[in-house]
Amino acid sequence: MRKLLVYMKDYRKESILAPLFKMLEAAFELLVPLVVAAMIDVGIAGSDKPYIVKMSLIMVALGVIGLVCSITAQYFSAKAAVGFAARLRHSLFAHVQGLSFGELDTLGSATLITRMTSDINQVQSGVNLVLRLFLRSPFIVFGAMVMAFTIDLKAALIFVVTIPLLSVVVFGIMLVSIPLYKKVQSRLDRVLGITRENLAGVRVLRAFHREKQEEESFGQANYELTHMQNFVGRITAVMNPVTYIIINGALMVLLYTGAVRVDAGILTQGQVVALVNYMSQILVELVKLANLIITVTKAVACGNRIQSVLEVQNSQKQEQGFGKTAAQNAPVVEFCHVSLTYPGAGGATLEDIHFTAYPGETIGIIGGTGSGKSSLVHLIPRFYDATQGRVLFHGRDVKEYPVKELRSKVGIVLQKAVLFSGTIEENLRWGKEDASEEELWEALAVAQAAEVVEGKSDGLKEQVTQGGKNFSGGQRQRLTIARALVKKPEILILDDSASALDYATDARLRKAIGELKENPVVFLVSQRTSSIRNADKILVLEDGAVVGMGTHLELLKNCQVYQEIYDSQYQDREEVLRDAK
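For the structure given in this document, a descriptive report is provided here. All values derive from a computational prediction rather than experimental measurement.

### Here we look at the sheet that holds strand β10 (residues 521-525)
Strand order across the open sheet formed by six strands is β6-β9-β10-β3-β11-β12, with mixed pairing between neighbours. Sheet topology places β6 (410-413) and β12 (545-550) at the edges, where each strand pairs with a single neighbour. Looking at each pair of strands side by side, their axes are set apart by 15 degrees on average, direction ignored. Across the sheet, helix α20 (residues 560-569) lies against β3 (362-367), β11 (537-542) and β12, angled at about 95 degrees from β11, the strand it touches most.

### Notes on a positive patch on the surface
Taken together, Arg196, Arg203, Lys416 and Lys469 make up a surface patch of like positive charges. Examined against the element boundaries, Lys416 turns out to sit in the loop between β6 and β7 (422-423). The exposed category is assigned to Lys416, whose relative accessible area is 68%.

### Regarding empty space enclosed by the protein
Empty pockets left among the atoms are what a rolling probe the size of a water molecule brings to light. If you walk through the whole model with that rule in mind, you get three cavities of 30 Å³ or more. Leu379, Arg382, Tyr384, Asp385, Ala386, Gly389, Arg390, Val391, Asp397, Val398 and Lys399 are the residues that line the largest cavity. Here the element with the most residues in the lining of the largest cavity is strand β4 (residues 388-393); it accounts for three residues. The class makeup of the residues in the lining of the largest cavity is five nonpolar, one polar and five charged.

### Observations regarding the packing of aromatic side chains
This structure, assessed with the given rule, holds 10 aromatic pairs. Considering the side-chain rings of Tyr75 and Phe76, the 5.3 Å spacing of their centres and the 65 degrees angle between planes classify their relative orientation as edge-to-face. Linked through ring pairs, Phe101, Tyr342, Phe383 and Tyr384 together constitute an aromatic cluster. Positioned above the aromatic ring of Phe471, the side-chain terminus of Lys456 is 4.6 Å from the ring centre. If you follow Arg528 out to its NZ or CZ, it ends over the ring of Tyr503, 4.5 Å from the centre.

### Here we look at unusual backbone geometry
Positive phi, normally seen in glycine, also occurs at His394, with a value near 55 degrees. Residues other than glycine seldom take positive phi values, yet Gln448 does so here, at roughly 60 degrees. By the secondary structure assignment, Gln448 is in the loop between α14 (437-446) and α15 (450-454).

### So, the sheet that holds β4
The four strands lie next to each other as β2-β1-β4-β5, forming an open sheet whose pairing is antiparallel. One side of each edge strand has no neighbouring strand; the edge strands of this open sheet are β2 (350-357) and β5 (396-397). As paired strands, strand β1 (residues 333-340) and β4 are joined by five bridges and run antiparallel to one another. Across the sheet, Ser339 pairs through a bridge with Gln388, a residue of β4.

### Digging into a negative patch on the surface
On the surface, Glu351, Asp352, Glu542, Asp543 and Glu564 cluster together into a negatively charged patch. Here Glu542 lies in strand β11. Take Glu542: its relative accessible area is 39%, and that puts it in the partly exposed class.

### Some points on the packing of helix α9 (residues 239-263) against helix α10 (residues 269-310)
The N-to-C vectors of α9 and α10 enclose an angle of 170 degrees; their axes lie 10 Å apart at closest approach. It follows that α9 is roughly antiparallel to α10 by the angle criterion. For the pair formed by α9 and α10, the contact residues are Met239, Asn240, Thr243, Tyr244, Ile247, Ala250, Leu251, Leu254, Leu255, Gly258 and Val262 on the first element and Gln269, Val272, Leu275, Val276, Met279, Ile282, Leu283, Leu286, Val287, Ala290 and Asn291 on the second.

### Considering a nonpolar patch on the surface
Together, Phe149, Leu153, Leu157 and Val160 line one region of the surface with nonpolar side chains, adding up to about 340 Å² of accessible area. Element by element, the count of residues in the nonpolar patch is highest for helix α6 (residues 153-200), at three residues. Residue placement: Phe149 occurs in helix α5 (residues 136-151). Look at Phe149 and you get partly exposed, because its relative accessible area is 34%.

### Quick look at the pattern of salt bridges
Scanning the model with the defined rule gives 19 salt bridges in all. When the shortest N-O distance is used, the salt bridge between Asp119 and Arg305 registers 2.9 Å. Residue Asp119 is located in helix α4 (residues 109-133), and its partner Arg305 is located in helix α10; the two are separated by 186 residues in the primary sequence. The exposure classification of Asp119 matches that of Arg305, with both residues buried.

Quick notes on the rules
The written sequence of each chain sets the order in which its residues are numbered from 1. The predicted origin of the model limits local features to residues at a pLDDT of at least 70 and limits the giving and counting of side-chain atom pairs to 80 or more, whereas totals for whole chains, interfaces and linings rest on all residues. As a rule here, side-chain values come from all non-hydrogen atoms in the structure, and water together with hydrogens is ignored. Any two strands between which DSSP finds at least two bridges are classified as paired. We count a stretch as a helix when DSSP gives it H or I for four or more residues in a row; a strand needs E for two or more, and each element gets its number in order from the N terminus. A fitted line through C-alpha atoms serves as each axis, taken over the contacting stretch for helices, and the angle formed by two N-to-C directions is quoted from 0 to 180°. By definition, residues are in contact when any of their heavy atoms lie within 4.5 Å. Without a salt bridge and with relative accessible area above 30%, a residue can belong to a patch; like charges are then joined within 9 Å and nonpolar side chains (Val, Leu, Ile, Met, Phe, Trp, Tyr) within 5 Å. Per-residue and other accessible areas were derived by the Shrake-Rupley procedure at a 1.4 Å probe size, with only the shown protein chains allowed to occlude residues. A carboxyl oxygen of Asp or Glu within 4 Å of a side-chain nitrogen of Lys or Arg is what we treat as a salt bridge. Under the counting rule used here, the positive set is Lys and Arg, the negative set is Asp and Glu, and His together with the chain ends is not counted. Just so you know, the charge point we use is NZ for Lys, CZ for Arg, CG for Asp and CD for Glu. In this scheme, a residue with accessible area under 20% of its type's maximum is buried, one over 50% is exposed, and one in between is partly exposed, where area comes from a 1.4 Å probe on protein chains only. The way it works is a 1 Å grid over only the protein atoms, where trapped points that fit a 1.4 Å probe form a cavity and open points with protein on both sides within 12 Å along at least five of seven lines form a pocket, and then any residue with an atom within 4 Å of a point lines it. Grid points are joined across faces, edges and corners, and a volume is the space filled by probe spheres set on the points. By the convention adopted, Pro, Cys, Tyr, Trp, Phe, Met, Ile, Leu, Val and Ala count as nonpolar, Lys, Arg, Asp and Glu as charged, and the other residues, Gly among them, as polar. Under the pairing criterion, centres of Phe, Tyr and Trp rings, with the six-membered ring standing for Trp, must be within 6.5 Å; the plane angle then separates stacked pairs below 30 degrees from edge-to-face pairs above 60, leaving the rest tilted. Charge-over-ring placement is defined geometrically: NZ (Lys) or CZ (Arg) within 6 Å of the ring centre, and within 35 degrees of the ring normal. These descriptions rest on fixed angle ranges, namely under 35 degrees for roughly parallel, over 145 for roughly antiparallel, 65 to 115 for roughly perpendicular, and the rest for oblique.

If you want it as structure tokens, here you go:
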């Protein structure tokens, strides 16, 4: 949590002025019991009405000045806390954007959302209260004790015993609570994770009539969260009654001692009232301090969770500046005995992958579910780094290129077609910010998406809702393919991105991509043999290894895995082979 204070550096002035004005308010508040004592001992005892009016006006003035100081302090503390939270949220978001897929997979989206929202809000509340009360409450507690000494030494000793006793209770409960609040937040992560999963997959959930089971799963996670919150709440709830018992016990002793000393003529009635007022001020401030400590305890726990994310470093080495000069006549892409093992995985996802791809070639990739197709193409733009071997781009290891430069050469369309809120035009320009309208329409035509845009009343200005929910699955896929084509990449990766398209549209799409004048290397990942049958080279994967490589006809003759995939979709293998002869 301490490391997060660097985000307060632009709010030094507010961080100083807020406690300062609160201290001024506290100083005026400490003078009130003395004014009351003087009013009783002089004004009321002597029936001096002008003096009583004078003291009353002084009390009103102290109250007004204190109010102005309090409002000013509230303004500065709120400004600092909100600004601090905004800077922290921006920094956390930027940090998350810089992490590799490996770290993001490990952290999980539900956890990151909790850090970005609930945790930062808790930290913001903690900073706000600390600036307002962290110095004010102790100042009044010890100030009241000092003022008590100016009135009577023996009575002030009651304060000396009471304050340390209260401090032991307050800080003891705080030390117990801090680790428990960390557990509360981790259980909140679990609840948010289940909620997010269910909302994202609500159609599947209802299709399988799993509402009851998911309600039970959510209920269990919610019960664990509630149970932990109640447990921590019971511990922190002990603070207020215990402090009240100690304070009220001290008040009883103070009243008894005051009565004895008034009877002996050592103290006046006004001085006893002032001592009681100071004890009451201590009670009020300790209650505030107890609530502050509870909030700060939560804030510290949440701050540590945020800090743990900020301390996660990108495992991928990031090159700066420009990549080295590309080797002459080298393949555009070359896999040199590449293997990949995900962090924490029991075995390798890819093993000893070796092939080359030259300009204009189309590389088809096919295999069963979990065979490593997506993992293979994700190595090219460095979503993940190979654990063994090298992936080369124009003869240079992809690790030698700055990520921004490398990915500017790669257009990729992932399995899940994702569009973002905004217009169609804004989504397409993710590929190239300065693309002309003509370039956008060219990309749409190749992606077979021109008719999608033309069918909308606002054309390219048509609004896209969050996640592109106002488009069908096939329309989203075509628009995301157009987005990748706008940048005119050297490498175009289509990761099973035509699965929602009908065969005719898929065929037109592949034909249009094959006629691109930019002549990119195209990687086609598909479950359909029809989508990759015209590829220059087809890789057949099984359990992360290449079990076949060649053209469609070569694999039909020689690769058993490819034959099985083809036969599961068509029944004419023998006829195709006869025609090929």
